[in-house]
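Structure assessment
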Amino acid sequence: MQFPESWLREFCDPPLSTQQLADALTMAGLEVEDLRPVAPSFTHVVVGEIREAVQHPNADRLRVCQVDVGQGALLNIVCGAPNARAGIRVPCALVGAQLPPGEDGQPFTIKLGKLRGVESQGMLCSARELKLSDDHGGLLELAAHAPIGQNLREHLLLDDTLFTLKLTPNLAHCLSVYGVAREVAALTGAPLKTPHIPAVPATIADIQPVRISAPDLCGRFSGRVVRHVNTQAATPPWMVERLARCGQRSVTALVDISNYVMFELGRPTHIFDLDKIQGALDVRWGRPGEQLKLLNGNTVTVDGEVGVIADAHQVESLAGIMGGDATAVSDDTRHVYVEAAFWWPKAIAGRSRRYNFSTDAGHRYERGVDPELTVAHIERITQLILDICGTPETACGPIDDQQVQLPQAQPVSLRVARAAKIIGMPLTQSQCADALGRLGLSLVEGQGTITVTPPLYRFDLQIEEDLIEEVARMIGYDKLPHTPPLAPVTPRPQTESQRSSFVLRRQLAGLGYQETINYSFVDERWERELAGNGAPIRLLNPIASQMGVMRSSLMGSLLQVLKFNQDRKAARVRVFELGRVFLRDDTVADSVSTVQGFSQPMRLAGLACGPTDALQWGRKEQQLDFYDVKGDVEALLFPKIAHFEAASHPAMHPGRCARVMLEGQEIGFIGELHPRWRQAYELNQIPVLFELELDALLQRTLKQAQAVAKHQFVERDLALVVPEQVSHDSLLRSIQAAPTQGLLQNLVLFDVYRPKPGTLAAGMAAGEKSLAVRITFGSEAHTLTDEQVEQAVHAIMDKLRVDLGARQRA
């Protein structure tokens, strides 16, 4: 909510500076989100009147003006504005004036100079040159009665500050300038000037018939007929300026009056064109299929859960949200009907969001608006209509006030001892009573208790904790003591066999990955396509239509990050996320950290695509592939050895996907993105993804000290011919399982050979390949003999021959 400080001080003017006032409001729970001056700093700019404007002798687009600034002698000023003419009053910057900074950030100083040979003793200013608006179509024309020579800042009240408050939903009573002033008076003790609203006498007996058919929608409905108004009357400048400083543009006089009273007193109202209302008005719930064209041009379809105001033929307004186009006032309107009502907050809450828009009226009514002042506010609007749009024939009918179901104030008790415990500081009963009394609350004191009967405009005071909050607000959050907790703090030491998740984060960062944090709410399409989850956990009230389910995989979020970066021409992307996924699991019971029927494990997922290295000169660019990311996964799991088995996953390429196995347990998947999803998500590169169970990654093997080998190792290279379907992993497993008497120390694959298509290699049949491995043998007890090494090699070949049908290549 935005408003000017000067308007606030008309109701309550405490002896505080602007910053002190903002701090007091913030410490009372009314957070001041922004303080902004109405106009930037400038000096020596006064009101001037152009007495004469003649053509410049040496320039077609310049005029030489004689300007009166109240100094006796006229100033000679050269001006190029198209609207420079005799008789208008405009801002005049005198010699020595400093105007707001330009693009270079430096103030612009007005000096005595010559333009095309004619001396100019100042400058006539546009609104843009003074940074008052973006209008630069000509000079800023002031009112004809503006005092000549008066400082422009004083004339336009520019030494003012705009307050922007960020209010929580329980502070609905502060959604007006008067409501904020009421809080300021309670906080500072400064007197509150309650506006006097005199009754406007009725001069005609006309009444618009109204029936309230839904008391659970509308508890009170007040209205008045006003005839013979001038809807083409101009909104006075003071009202236009105040609305602008509240962030509201001027529309028409009647609309401006309604908006002005809303900002002033907090009640949204509506003004109908009386001649367009057909028959009696009916305040009721909507009927399925009924349609209404709103003032914003949208046509909506209502149902039985949306309140409406209807006449005998059609729906005319969305109750408490927005009026309809059919009965909107226009330049042709002569007679109007002014309406002010009390709408039950629960009947308005959430209705406008059904139609994907929000209004100031709905924002206030769904939080609660004072049901007692509908008549007074109509009187205020009526008087403004008479003052601004009145004609000699203008006549007002009596106010028709129907009360069918008003809220009843329910007493709420506060225990002083509990308030002191909750707030965390010693409190006396007199302190609590004083704080609540300053808020204008009716209270009765008992033995250690205070019973409050809230006013009807305080919809937020319903339980004891609400009163405790009010006491804390009046004390000031900055006055609360900083008391450290006294509970025993017991450290939870981590075993050496488990590492921290932060170690994993640092390790991935060292591998070139960047961490991302994403929403747990995802698009249902991701779950269906990327996780193969046909029954995801749905949200009852999603924050957006594309965030309607809980994720069971982290891959969709990483693909979204990749798409975001590739759209911004990022060629090399390495990202990871460590987060929670959500799965259905009937074995999970309720506990402090679990929810029955749902498993919430932590996972680590990563994605990489693009060149293996950043741009450099040392070696040629090479695109990342499956094995680069596989190496990153092995580095994360080291010193444990993972095995990779060919597998399938809904998100991954069917021939380039592997299941990650650790100690016989499946801990995740790794693979290239499926070409179908790469095309569907419009990715210009092939990403490689992995997703692993976090618990498996956090477990580690404790390091054991080993002596440096005293005896030299022996290496043997074996070139093995195996069927094409034999994998590297199965080959290494078979060699490790061979009975080598503990002599096998290490082995590594260093060559893969396949004959060119259409040719056969010597000693190899069709459908075979050659795998070359280097095997390292060694013993801590003695130096190996050739016989021992040969026996170990024969044992390995026998094992490979039995397991894989392998033979040594000739």
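Above this note sits the structure.
Below: a short report on this structure. Note that the coordinates shown come from a computational prediction; the quantities given were computed from them, not determined experimentally. For every chain, the first residue of the written sequence is number 1, and numbering continues from 1 along that sequence. At least 70 in pLDDT is required for a residue's local features to be given in this predicted model, at least 80 for side-chain atom pairs to be given and counted, and no such filter applies to totals for whole chains, interfaces and linings, which use all residues. Only heavy atoms go into the side-chain values, all of them from the structure, while hydrogens and water stay out.

1. Comments concerning the overall build of the protein chain
We apply this condition: Only runs of H or I of at least four residues qualify as helices and only runs of E of at least two qualify as strands under DSSP, and these elements are numbered from the N terminus. Note that the radius of gyration is over C-alpha atoms, with the globule rule given as 2.2 Å times the number of residues to the power 0.38. Relative accessibility under 20% of the residue-type maximum defines a buried residue, over 50% an exposed one, and the middle range a partly exposed one, all with a 1.4 Å probe and only protein chains included.
Of the regular secondary structure elements, the protein chain holds 21 helices and 42 strands. Since a compact globule built from 810 residues should have a radius of gyration of about 28 Å, the 40 Å found for the protein chain marks it as more spread out than a globular shape. Along the three orthogonal principal directions, the C-alpha set of the protein chain runs to about 125 × 85 × 60 Å. By the burial criterion, 47% of the 810 residues in the protein chain qualify as buried.

2. Concerning the packing of aromatic side chains
How two aromatic rings sit relative to each other is given by the distance of their centres and the angle of their planes. To be explicit about the condition: In summary, the pairing rule links any two rings of Phe, Tyr or Trp, Trp by its six-membered ring, whose centres are within 6.5 Å, and it sorts them by plane angle into stacked for under 30 degrees, edge-to-face for over 60 and tilted for everything else. Put simply, a charge is over a ring when the Lys NZ or the Arg CZ is close to the ring centre, within 6 Å, and near the line of the ring normal, within 35 degrees.
In this structure the tally under the stated criterion is 12 aromatic pairs. Look at F3 and F163: their rings are 5.7 Å apart centre to centre, the planes differ by 15°, and that puts the pair in the stacked class. Of this pair, F3 sits in strand β1 (residues 2–4) while F163 sits in strand β11 (residues 161–166), placing them 160 residues apart in sequence. What links up through ring pairs into an aromatic cluster is the set W7, W238 and Y260. Sitting above the plane of the Y457 ring, R182 keeps its charged end 4.1 Å from the centroid. Directly above the ring of Y681 sits R525, whose terminal nitrogen or CZ lies 4.6 Å from the centroid.

3. Here we look at the nonpolar core
Let me state the cut-off plainly: Residue types Ala, Val, Leu, Ile, Met, Phe, Trp, Tyr and Cys, when buried and joined through side-chain atoms within 4.5 Å, form a set referred to as a nonpolar core. In this analysis, two residues are considered to be in contact whenever any of their non-hydrogen atoms come within 4.5 Å of each other.
Judged by nonpolar contacts, the single largest core of 47 residues is most densely connected at I385 and C389. Residues in contact with I385, not counting those within four places in the same chain, are V226, V229, L254, I257, I271, V338 and G390. Counting 38 residues, the second largest nonpolar core, distinct from the first, contains L281, V302, L318 and F342.

4. Focus: the sheet that holds strand β15 (residues 281–285)
Spelled out, the test is: The rule for pairing is simple: two strands pair if DSSP sees at least two bridges between them.
Read across the sheet, 5 strands follow the order β12-β15-β18-β19-β20 without closing on themselves; strand pairing throughout is mixed. Only two strands of the sheet have a single neighbouring strand rather than two, namely β12 (210–212) and β20 (322–323). Two elements, β15 and strand β18 (residues 307–310), share 4 bridges in a ladder whose sense is antiparallel. Along β18, the bridge assignment pairs V283 with I309.

5. Considering unusual backbone geometry
Of note, the amide linkage connecting F638 to P639 takes the cis form, showing an omega dihedral of 10°. Checked against the element boundaries, P639 lands in the loop between α17 (626–637) and β35 (643–646). The phi dihedral of K131 falls on the positive side, at around 60°, and the residue is not glycine. Structurally, K131 is set in the loop between β10 (122–124) and α3 (152–155).

6. Description of the pairing of β15
Summarising burial for β15: 4 of the 5 residues are buried, a large majority. Pairing analysis gives 3 bridges linking β12 to β15, with the strands arranged parallel. Paired with R211 across the strands is D282, a residue of β15.

7. A closer look at helix α21 (residues 786–804)
The periodicity of an α-helix, 3.6 residues per turn, causes residues three or four positions apart to be oriented the same way. We count it as follows: In a helix, the anticipated span is given by 1.5 Å times the number of residues less one.
Between its first and last C-alpha, α21 extends 26 Å over 19 residues, near the 27 Å set by a 1.5 Å rise per residue. By the burial criterion, the buried members of α21 are V789, A792, V793, A795, I796, M797, L800 and L804. Residues of α21 that are buried in the fold lie against β39 (714–723), α20 (728–736), β41 (768–777) and β42 (807–808). Note on α21: the residue one or two positions beyond its end, G805, has a positive phi of about 70°.

8. Quick notes on the packing of helix α12 (residues 429–438) against helix α13 (residues 464–475)
Note the threshold: A fitted line through C-alpha atoms serves as each axis, taken over the contacting stretch for helices, and the angle formed by two N-to-C directions is quoted from 0 to 180°. Each angle receives one of four descriptions, namely roughly parallel if under 35 degrees, roughly antiparallel if over 145, roughly perpendicular if within 65 to 115, and oblique otherwise.
At their nearest, the axes of α12 and α13 sit 9 Å apart, and the two run at 90° to each other. When the axes of α12 and α13 are compared, the pair comes out roughly perpendicular. Packed against α12, whose contacting residues are C432, A435, L436 and R438, the element α13 presents L467, E470, V471 and M474 at the interface.

9. Digging into the sheet that holds strand β29 (residues 537–538)
Reading across the sheet, the 3 strands line up as β28-β30-β29 and stay open at both edges, with antiparallel pairing between neighbours. A single partner strand is all that each edge strand has here, and the edge strands are β28 (521–522) and β29. When β28 meets strand β30 (residues 549–550), the two strands line up antiparallel, connected through 2 bridges. Its bridge partner being in β30, F521 is matched across the sheet by M550.

10. Focus: the pattern of salt bridges
Quick note on the threshold: Put simply, a salt bridge is a Lys or Arg side-chain nitrogen that is within 4 Å of an Asp or Glu carboxyl oxygen.
Considering all chains together, one arrives at 55 salt bridges under this definition. Salt-bridge contacts for R473 lead to E183; the nearest nitrogen and oxygen are separated by 2.9 Å. Linking R473 in helix α13 with E183 in helix α4 (residues 177–188), this pair joins segments that are 290 residues apart in sequence. The class of E183 is buried, set by a relative accessible area of 2%.

11. Things to note about the environment of L692
With respect to the helices and strands, L692 occurs in strand β38 (residues 688–693). Look at L692 and you get buried, because its relative accessible area is 0%. In the structure, L692 is positioned 89 residues away from R603 in sequence and 5.7 Å away in space, judged by C-alpha atoms. Each residue touching L692, except ones within four places of it in the same chain, is listed here: R603, L604, V633, V660, I667, G668, F669 and L697.

12. With respect to the pairing of strand β36 (residues 652–662)
Along any regular strand the residues' side chains alternate between the sheet's two faces. As paired elements, β35 and β36 share 4 bridges and run antiparallel to each other. Counterpart to E645 in the pairing with β36 is R659. From the end of β35 to the start of β36, which pair antiparallel, there are 5 residues. Bridge analysis of β36 against strand β37 (residues 665–673) gives 7 bridges, and the strand direction is antiparallel. From the neighbouring strand, C657 faces β37, where its bridge partner is G671. Remark: 2 residues form the turn of the hairpin made by β36 and β37, two consecutive strands paired antiparallel; E663 in that turn has positive phi of roughly 55°.

13. As for helix α10 (residues 374–389)
Its 16 residues place the ends of α10 21 Å apart at the C-alpha level, agreeing with the 22 Å of an ideal helix rising 1.5 Å per residue. Considered for burial, the residues of α10 that qualify are T374, H377, I378, E379, I381, T382, L384, I385, I388 and C389.

14. Points about the side chain of T327
Among the secondary structure elements, T327 is positioned in the loop between β20 and β21 (336–343). With a relative accessible area of 0%, T327 lands in the buried category. Once residues lying within four places of it in the same chain are set aside, the contact partners of T327 are I271, F272, D273, K276, I277 and E316.

15. Thoughts on the environment of H313
Within the secondary structure, H313 is located in the loop between β18 and β19 (315–318). Along the sequence, H313 and F272 sit 41 residues apart, while their C-alpha atoms lie 15 Å from each other.

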